[in-house]
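# What the coordinates show
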Amino acid sequence: MSEHDTGSVEEVLIKYYDGTERLAKVVDREVPYPDGKLIVSRTDPKGIITHANRAFVEMSGYTREELLGVNHYILRHPDMPAVAFKDLWDTVAQGKKWQGYVKNLRKDGSYYWVKATVIPNIRNGELVGYTSVRRKPSRSKIKESEALYATLR
């Protein structure tokens, strides 16, 4: 937990790029990323989760069944600026690897930070989806990202 964590709970309307929206519980409480774990997921080309490893299930607070078949944006924390995800999608649409720092929203409303790498999966010259690998970020990169993202909202 950072010095800013108060544990206060609020309901926030989160709007996604495809026009959908949902009311989500947001709690100002960080769940520390565990040492030595890699979160791995795969999606189809539209971002629908097709694979979630155990670390992903554990860190997200969702069951595997709740994650599979839904859009990856279910994890989007309202503190994350839309421009960060625009950069991600613009980069992977060009067939390139994207890396960045992401604040994810857990099912219980708390959050966790990741250093994410997203790679397009190409089979026989066609995009079939994406693989995302997340690892523990350094505290200094989290602080840099928090400061930057606050200016982009």
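Residues numbered from 1 in each chain as written. Predicted model: local features only at pLDDT ≥ 70, side-chain atom pairs only at ≥ 80, totals over all residues. Heavy atoms only, no water.

Now for the overall build of the protein chain. Each helix and strand counted, the protein chain has 4 helices and 7 strands in total. Reading the secondary structure of the protein chain in the N-to-C direction produces β-β-β-β-α-α-α-β-β-β-α. For 153 residues, the compact-globule estimate of 2.2 N^0.38 gives 15 Å, and the C-alpha radius of gyration of the protein chain, at 15 Å, lies within 12% of that figure. By residue count, 42% of the 153 residues in the protein chain fall in the buried class. Counting contacts in the protein chain only where the partners sit at least 6 residues apart, residues at least 24 apart contribute 51% of the total. Carbon together with sulfur atoms contributes 53% to the accessible area of the protein chain, which is approximately 8500 Å² in total. Between the averaged position of the 25 positive side-chain charges in the protein chain and that of its 20 negative side-chain charges there is a distance of 5 Å. (Helix = DSSP H or I, 4+ residues; strand = E, 2+ residues; numbered from the N terminus. Rg over C-alpha atoms; globule rule 2.2 N^0.38 Å. Buried < 20%, exposed > 50% of the residue type's maximum accessible area, 1.4 Å probe, protein only. Contact = heavy atoms within 4.5 Å. Areas by Shrake-Rupley, 256 points an atom, 1.4 Å probe, with all protein chains shown as cover. Lys, Arg positive; Asp, Glu negative; His and termini not counted. Charge placed at Lys NZ, Arg CZ, Asp CG, Glu CD.)

Quick look at the nonpolar core now. Counting residues in hydrophobic clusters, the biggest one holds 28 residues, and the most contacted among them are Ile 39, Phe 56, Leu 67, Trp 98, Tyr 112 and Val 114. Elements that contribute at least two residues to this core include exactly β4 (49-52), α1 (54-60), α3 (82-93), β5 (98-105), β6 (111-123) and α4 (139-152). Of the residues forming this core, the biggest block, 6 residues, is contributed by β6. In this view, Trp 98 contacts Ala 84, Asp 87, Leu 88, Thr 91, Val 92, Ala 116, Thr 117 and Val 118; residues no more than four positions away in its chain are not counted. Counting 5 residues, the second-largest nonpolar core is a separate cluster that includes Val 12, Ile 14, Ala 24 and Val 26. (Core = buried A, V, L, I, M, F, W, Y, C linked by side-chain atoms within 4.5 Å.)

Looking now at α4. Taking 1.5 Å of rise per residue, the 14 residues of α4 would be expected to cover 20 Å, and the 20 Å separating its terminal C-alpha atoms lies within 8% of that figure. Among the residues of α4, those classed as buried are Ile 142, Ser 145 and Tyr 149. All buried residues of α4 project into a common sector of 65° when viewed along the axis, lining one side. Among the structural elements, β5 and β6 are those in contact with the buried residues of α4. (Expected span 1.5 Å × (residues − 1). Arc of directions from axis to C-beta.)

Below, the discussion takes up the UniProt feature "domain: PAS" (unreviewed entry) in the protein chain. What UniProt calls "domain: PAS" (unreviewed entry) maps, in this numbering, to residues 44-79. Between the C-alpha atoms that bound residues 44-79 the distance is 25 Å, and the span itself is 31% helix and 11% strand. (UniProt positions renumbered as here; feature names shortened; annotations may be inferred.)

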